[in-house]
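For reference, the chains in residue letters:
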Amino acid sequence: MEVEQGALPQKEDFSGWYNEVLWRAEIMDVRYPVKGLYVWYPFGFALRKNVYGILRSLLDHDHEEALFPLLIPETELAKEAEHIKGFEEEVYWVTHGGTSPLEVKLALRPTSECAIYPMYHLWVRSHADLPLRIYQIVNSFRYETKHTRPLIRLREITSFKEAHTVHASWEDAERQVQAAIALYRQFYAALAVPVIVSKRPDWDKFPGADYTIAVDTIMPDGRTLQIGTVHHLGDHFSKTFSITFEDERGEQQYAQQTCYGISERSIAALISTHGDGKGLVLPPSVAPVQVVVVPITIGKRKEEVLAAAEEVAGTLSSAGFRVKTDTRDLRPGAKYYYWEMRGVPLRLEVGPRDIDAGQVTAVTRLGEKSTIPRSSLAPGVGTVLDGVAAALSERGEEHMRTHARVVTTIEEMSAAVEHGVAIVPWCGERECADFIEETVNASVLGTEVQAACAPPCEGPCVACGKPGTAALVGRSY
Ligand code: P5A
Ligand code: ZN
């Protein structure tokens, strides 16, 4: 395999850095000849598998996985008025079968409410069927008109995890919203990606929802990225699709619903949060290769070094680590560069001196060097990897602390959004949000802000001076 040369663009030039890392680390190939559609390389796909493995295992506690069709008849998609209004400009249509026009046009799902809920109409009969919690991981299509970007704004979302739940009461559905937020928090904690949770303003909620809670992260350039949303759907869709159940007293009731989704933006956030000037930096939990063993074969003891390297790799892989031994005919430096680019959390070097000392030399992706005795190799490696994971979480939190500021005036807010987000008191009026947005060229992203760094902030609205509560203001992707 060819080893790329030359330095990466600085991470300060975030777009340049991001695009370069995606192809040099073999995450995505952007050369596919349709705008907004990209190809997963095998290495990127292995990363995706690990990330979505975590998401699946969190969901599998109390959700069931299923699979619904990609095509939605126009007649179903058009049923919920607000929903179709929200998506009509983004829908791709299948209009023909071969050369014959279809009687009913078929939409490629932009999201699957209108594919799933006609079936929920058939499946939900009695209170004993509730709660119902189902998810699927599928591709979905949105004709995005804003600037498309790999993993961030796609026309084919390849890794759309959507959960759809049904409950007997509005309060039960609200508890599900809280449970979903907790689940997303756990997921992002496992990726060491810091998040801010907030309630989107009414004009920005999901089409057809009572309200929307969003999970945002702050990218290296200070702009926010929405990396998950949880929607309380109330009975909007259950009335449209006639999803009813017989309650304990034998009466028919409309069901209450929620839905929540995550896409490969989660992987964009992972890459962007941790990567550095040498490429990817991956938490051990998701790294396709957790440990690379590099034999240092200088001089006469080549066979002995190779054998020792294989033995080290064998021990670790029996202990359950994802290990690779790099025996390619390249200089060690070229190998280091290659695996650093791919974010491998730990490199073990095995040379003649290590053999004599009964040890391996360990260098983490964060640059920490140590030695680990061969006699306690697996526990030693486990400890070092735990250290990498902890350091990444700490760095993520530090990024959040330095890029989210609680402020009280227009001037401070204006300064804060230049390199991150501001948390400011806002009265909730649209007019004041418009004023804020025009004045500082950023958006009012949410209220009821929950961030590790943000104490509850109350005070006079930055725009009008009336009583206000914490709002999240920032520039988003
Ligand atoms: C929830 C799941 C929904 O579609 N229906 C089922 C609900 N919500 S959403 O907010 O519209 O999308 C969920 C999350 O998907 C990500 N996302 C995207 N990712 C990449 N490219 C896109 N074009 C795109 N559109 C949405 C966002 O993270 C969003 O929160
Ligand atoms: Zn106001």
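Up top you'll find the structure we're talking about.
Residues numbered from 1 in each chain as written. Chains lettered and ligands numbered in written order. Predicted model: local features only at pLDDT ≥ 70, side-chain atom pairs only at ≥ 80, totals over all residues. Heavy atoms only, no water.

Novice: Talk me through the coordination of the zinc ion (ligand 2); I want residue IDs and the actual numbers.
Specialist: Within the protein, the atoms that donate to the zinc ion (ligand 2) are Cys-427 (SG), Cys-432 (SG), Cys-461 (SG) and Cys-464 (SG), at distances of 2.3 to 2.4 Å. Here the zinc ion (ligand 2) binds four donor atoms, and the angle range of 105 to 116° at the metal identifies the geometry as tetrahedral. (Donors = N, O, S within 2.8 Å, 3.2 Å for Na, K, Ca; no water. Tetrahedral: all angles 85-135°; square planar, octahedral: opposite > 155°, others 65-115°.)

Novice: Just give me the short version of a nonpolar patch on the surface, but keep the residues and values in it.
Specialist: On the surface, Tyr-32, Val-34 and Val-39 cluster together into a nonpolar patch covering about 240 Å² of accessible area. Accessibility expressed as a relative area gives 37% for Val-39, which makes it partly exposed. (Patch = residues over 30% accessible without salt bridge, like charges linked within 9 Å, V, L, I, M, F, W, Y side chains within 5 Å. Areas by Shrake-Rupley, 256 points an atom, 1.4 Å probe, with all protein chains shown as cover. Salt bridge = Lys/Arg side-chain N within 4 Å of Asp/Glu carboxyl O. Buried < 20%, exposed > 50% of the residue type's maximum accessible area, 1.4 Å probe, protein only.)

Novice: Let's hear about the layout of surface pockets: which residues, and what values?
Specialist: If you add up the space inside the largest pocket, you get close to 1300 Å³. Broken down by secondary-structure element, the contributors of at least two residues to the lining of the largest pocket are helix H4 (81-87), strand E8 (156-167), strand E10 (211-218), strand E11 (224-234), strand E14 (256-262) and strand E24 (443-450). In terms of residue count, E11 provides more of the lining of the largest pocket than any other element does, six residues in total. Class assignment of the residues belonging to the lining of the largest pocket gives a composition of 18 nonpolar, 14 polar and 17 charged. (1 Å grid on protein atoms, 1.4 Å probe; cavity = no way out; pocket = protein on both sides within 12 Å on 5 of 7 lines; lining within 4 Å. Points joined across faces, edges and corners; volume = space filled by probe spheres on them. Helix = DSSP H or I, 4+ residues; strand = E, 2+ residues; numbered from the N terminus. Nonpolar A, V, L, I, M, F, W, Y, C, P; charged D, E, K, R; others polar.)

Novice: Provide a residue-level description of the sheet that holds strand E20 (residues 359-364), including the pertinent values.
Specialist: Read across the open sheet, the five strands follow the order E17-E16-E19-E20-E21; overall the sheet is mixed. Only two strands of the sheet have a single neighbouring strand rather than two, namely strand E17 (323-325) and strand E21 (369-373). For this sheet the average axis-to-axis angle between neighbouring strands, irrespective of direction, equals 25°. Sheet topology note: the strand E16 (residues 291-295)/strand E19 (residues 346-350) ladder contains five bridges and is parallel. In the sheet register, Val-291 faces E19, and the bridge partner there is Leu-346. (Pairing = 2+ DSSP bridges. Axes fitted to C-alpha atoms, helices over the stretch in contact; angles between N-to-C directions.)

Novice: So what's going on with empty space enclosed by the protein? Residues and values would help.
Specialist: For the coordinates displayed, the defined rule picks out one cavity of 30 Å³ or more. A volume near 60 Å³ is recorded for the largest cavity. Taken together, Val-292, Tyr-336, Trp-339, Glu-340, Val-344, Leu-346, Arg-347, Val-363, Thr-364 and Arg-365 make up the full set of residues lining the largest cavity. Put simply, the parts of the chain that give the lining of the largest cavity at least two residues each are helix H10 (332-341), E19 and E20. Counting residues per element, the lining of the largest cavity draws most heavily on H10, which supplies three residues. A per-class count over the lining of the largest cavity returns six nonpolar, one polar and three charged.

Novice: Can you tell me about the site of ligand 1, naming the residues and giving the values?
Specialist: Around ligand 1 there are 22 residues in total, and Glu-113, Glu-144, Gln-226, Thr-229 and Ser-263 lie nearest to it. In this structure, an oxygen atom belonging to ligand 1 sits 2.9 Å away from a side-chain N or O atom of Arg-142. Side-chain polar atom of Thr-229 to an oxygen atom of ligand 1: 2.7 Å apart, as the coordinates give it. Contact with the protein chains removes 96% of the 590 Å² of surface that ligand 1 exposes when unbound. (Near = heavy atom within 4 Å. Polar contact = N/O pair within 3.5 Å; in protein donor to acceptor, adjacent residues only side chain to side chain.)

Novice: Tell me about the packing of helix H1 (residues 14-24) against helix H8 (residues 265-274), and name the residues and values.
Specialist: Contact geometry of H1 with H8 gives a least axis separation of 11 Å together with a crossing angle of 110°. Classed by the angle they form, the pair H1 and H8 counts as roughly perpendicular. Here the hand of the crossing between H1 and H8 comes out right-handed. Seen from H1, the contacting residues are Phe-14, Trp-17, Tyr-18, Val-21 and Leu-22; seen from H8, they are Ala-268, Ile-271 and Ser-272. Tallied by class, residues from the contact of H1 with H8 come to seven nonpolar, one polar and no charged. (Parallel < 35°, antiparallel > 145°, perpendicular 65-115°, else oblique. Left-handed = near helix turned anticlockwise from the far one by under 90°. Contact = heavy atoms within 4.5 Å.)

Novice: I'd like to hear about the nonpolar core, residue by residue, with values.
Specialist: Ile-27, Val-51, Leu-151, Phe-187, Tyr-188, Leu-191 and Ile-271 are the most contacted members of the largest nonpolar core, which totals 58 residues. When residues of this core are assigned to their parent elements, the largest contribution, eight residues, is made by helix H2 (residues 42-59). The contact partners of Val-51, leaving out residues within four places of it in the chain, are Phe-187, Leu-191, Ser-266, Ile-267, Leu-270 and Val-286. Among the nonpolar cores identified, the runner-up in size contains 26 residues, and Phe-87, Ala-209, Phe-237 and Cys-259 belong to it. (Core = buried A, V, L, I, M, F, W, Y, C linked by side-chain atoms within 4.5 Å.)

Novice: Which residues make up the packing of aromatic side chains, and what values go with them?
Specialist: What characterises a pair of aromatic rings is the spacing of the ring centres plus the angle enclosed by the ring planes. For the structure shown, the criterion picks out 16 aromatic pairs. Centre to centre, the rings of Tyr-117 and Tyr-120 are 5.7 Å apart; their planes meet at 25°, and the pair counts as stacked. With Tyr-117 and Tyr-120 both in helix H5 (residues 113-123), this residue pair falls three residues apart, about one helical turn. Each member of the pair Tyr-117 and Tyr-120 is classed as buried. Across the ring face of Trp-93, the terminal group of Lys-105 is positioned such that the distance to the ring centre comes to 4.3 Å. The ring centre of Tyr-338 lies 4.1 Å from the NZ or CZ of Arg-328, which sits over that ring. (Phe/Tyr/Trp six-rings, centres within 6.5 Å; stacked < 30°, edge-to-face > 60°. Lys NZ or Arg CZ within 6 Å of the ring centre and 35° of its normal.)

Novice: Before we move on, can you summarise the pairing of strand E7 (residues 132-141) with the specific residues and values?
Specialist: Most of E7 is tucked away, with eight of its ten residues classed as buried. By the bridge criterion, two bridges tie strand E3 (residues 64-65) to E7 in an arrangement that is parallel. Counterpart to Glu-65 in the pairing with E7 is Tyr-135. Two elements, E7 and E8, share nine bridges in a ladder whose sense is antiparallel. Across the sheet, the residue bridging to Arg-133 is Thr-165, located in E8.

Novice: Which residues make up the sheet that holds strand E6 (residues 100-108), and what are the values?
Specialist: Strand order in the open sheet formed by three strands is E4-E6-E5, with antiparallel pairing between adjacent strands. Since the sheet does not close on itself, it has two edges, and those belong to strand E4 (71-73) and strand E5 (93-97), each with one partner. Strand after strand, the sheet turns through a mean of 45° between neighbouring axes, direction not considered. The pairing of E4 with E6 spans three bridges and is classified as antiparallel. Bridge pairing in E6 places Ile-72 opposite Ala-107.

Novice: Can you lay out the side chain of Thr-361 for me, pointing to particular residues and giving the numbers?
Specialist: Looking at the secondary structure, you find Thr-361 in strand E20. Among residues more than four places away in sequence, those in contact with Thr-361 are Arg-347, Leu-348, Glu-349, Asp-354, Lys-369, Ser-370 and Thr-371.

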